[in-house]
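An overview of the molecular structure
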Amino acid sequence: MARPPREVVRFYSRVGRLFEVWGRVVDSRARARVQELCAGADGEAVLEVGVGTGSQLVGLACANPSGRTVGVDLADGMINESRRRLSAAGIANAEVLRAGACDLPFVDDSFDLVCSIYVLDILPWDDIRRALTEFRRVLRPGGRLVLCHVTPGERRRHRIGDRLYGSGLPLTGNCRGIRLTSLLKEYGFEQVIREYGAQLLMPSEIVSARAPVRG
Ligand SMILES: C[S@@+](CC[C@H](N)C(=O)[O-])C[C@H]1O[C@@H](n2cnc3c(N)ncnc32)[C@H](O)[C@@H]1O
């Protein structure tokens, strides 16, 4: 049974880097692919939603030395850890704010790239819809969206993960498999491309898309 969003955020505040160690076992390939898809021109405005311990954020900021890279999260433990990590890496052009996916504190059309990995799969569907509305709002027309999350297994052996990840066991971080391509199209995102892969028990969906060009 899924736990309420506030409880989930408390959980992430407590687990900090422990979560990262577990994650590396089941999602390192997906993370590497996300970094490839996020690679863009230096000088962009980049937002990561739900930064966790900040490993992805450091990669995004390093690839964007003349740009602006911003991360948000709701869990104080994760915010502190990601700030510590940016500072340890000597990165000055990135910051982490306390904010949620459904209520982003940025004006319209602020970002060239929004990315969020293993976050939407822990949100209730109403919040996923709110988050996609926010991602579309803060992206400039034609801006890039890159998402990665746990998805239902497409091969028999990957479905063991569905049961594990749907169980709400603490190690699984309360996520469950979701598919987002249809929803993205419903929200007007264009050039929606889906990639599927699984590592050990965990099937992931990576989706890239472009924000609608408003006419
Ligand atoms: C599974 S972790 C993923 C962290 C990071 N993206 C990664 O892959 O390492 C989920 C993160 O989303 C954060 N989170 C949960 N609900 C959120 C929300 N509504 N808005 C922003 N972040 C949220 C949690 O605090 C946690 O840091």
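The structure displayed is predicted, hence computed values, not measured ones.

Our next topic: the sheet that holds strand 1 (residues 45-49). Strand order across the open sheet formed by 7 strands is 3-2-1-4-5-7-6, with mixed pairing between neighbours. The outermost strands of the open sheet, each flanked by one partner alone, are strand 3 (94-98) and strand 6 (190-199). Between one strand axis and the next, the sheet turns by 15° as a mean value, whatever way the strands run. Bridge count for strand 2 (residues 68-73) against strand 3 is 5 bridges, and the pairing is parallel. Of the residues in strand 3, the one forming a bridge with valine 70 is glutamate 95. The strands touched by helix 5 (residues 125-138) are strand 1, strand 4 (111-117) and strand 5 (139-150); relative to strand 5, the strand with the most contacts, the crossing angle is about 145°.

The element strand 7 (residues 202-210) is extensively covered by neighbouring structure, given that 8 of its 9 residues are classed as buried. In the sheet, strand 5 pairs with strand 7 via 7 bridges, with the strands oriented antiparallel. For leucine 147, the partnering residue across the bridge sits in strand 7 and is valine 207. Here strand 6 runs beside strand 7; their pairing, made up of 8 bridges, is antiparallel. In the sheet register, arginine 194 faces strand 7, and the bridge partner there is valine 207.

Okay, the packing of helix 3 (residues 55-62) against helix 4 (residues 76-88) next. It is at 9 Å that the axes of helix 3 and helix 4 come closest, and there the two elements cross at 35°. Judged by the sense of rotation from one axis to the other, the crossing of helix 3 with helix 4 is right-handed. On helix 4, the residues touching Leu57, Val58 and Ala61 of helix 3 are Ser82, Arg85 and Leu86. For the contact of helix 3 with helix 4, the class distribution of residues is 4 nonpolar, 1 polar and 1 charged.

Core analysis: the largest hydrophobic core is formed by 57 residues, its most contacted members being Val34, Phe111, Val114 and Leu145. Residue contributions to this core peak at 6 residues, all from strand 5. The residues touching valine 114, leaving out its near neighbours within four places in the chain, are Leu47, Val49, Phe135, Val138, Leu139 and Leu145.

So, on to the site of the ligand. Neighbouring residues of the ligand: 24 residues in total, closest Tyr12, Gly50, Gly52, Ala75 and Ala101. Ranked by residue count, the leading element in the shell around the ligand is helix 1 (residues 5-15), at 4 residues. In terms of residue class, the shell around the ligand is made up of 17 nonpolar, 6 polar and 1 charged.

Turning to helix 4, a few remarks are in order. Between the first and last C-alpha of helix 4 there are 18 Å, a value that for 13 residues agrees with the 18 Å anticipated at 1.5 Å per step. Glycine 90 sits one or two residues past helix 4 and shows a positive phi near 70°.

The residue aspartate 109 is not glycine, and still its phi comes out positive at about 60°. Locating aspartate 109 in the fold gives a position in the loop between strand 3 and strand 4. Classification of aspartate 109 as partly exposed rests on a count of 15 C-beta atoms within 10 Å. In this structure, glutamine 191 is a non-glycine residue whose phi angle is positive, near 50°. Note on placement: glutamine 191 falls in strand 6.

Looking at the element boundaries, valine 207 is found in strand 7. Placed 28 residues apart in sequence, valine 207 and arginine 179 show a C-alpha to C-alpha distance of 9.3 Å. Setting aside chain neighbours within four positions, we find valine 207 in contact with Leu147, Leu180, Thr181, Leu184, Val192, Ile193 and Arg194.

On the secondary structure map, valine 138 appears in helix 5. C-beta crowding within 10 Å serves as the criterion here: with 21 such atoms nearby, valine 138 is assigned to the buried category. Leaving out residues up to four positions away in the same chain, valine 138 has contacts with Leu47, Leu104, Phe106, Asp108, Ser110, Phe111 and Val114.

In this section: helix 5. A rise of 1.5 Å per residue sets the reference length of helix 5, with its 14 residues, at 20 Å; its end C-alpha atoms lie 20 Å apart and thus fit the reference within 8%. All of the buried residues in helix 5 are Ile128, Ala131, Leu132, Phe135, Arg136 and Val138. Close packing links the buried residues of helix 5 with strand 1, strand 4, strand 5 and helix 7 (181-186).

What counts, and where the lines are drawn
Residues numbered from 1 in each chain as written. Predicted model: local features only at pLDDT ≥ 70, side-chain atom pairs only at ≥ 80, totals over all residues. Pairing = 2+ DSSP bridges. Helix = DSSP H or I, 4+ residues; strand = E, 2+ residues; numbered from the N terminus. Axes fitted to C-alpha atoms, helices over the stretch in contact; angles between N-to-C directions. Contact = placed C-beta atoms within 7 Å. Buried ≥ 20, exposed ≤ 12 C-beta atoms within 10 Å, placed from the backbone. Left-handed = near helix turned anticlockwise from the far one by under 90°. Nonpolar A, V, L, I, M, F, W, Y, C, P; charged D, E, K, R; others polar. Core = buried A, V, L, I, M, F, W, Y, C linked by C-beta atoms within 7 Å. Near = placed C-beta within 6 Å. Expected span 1.5 Å × (residues − 1).

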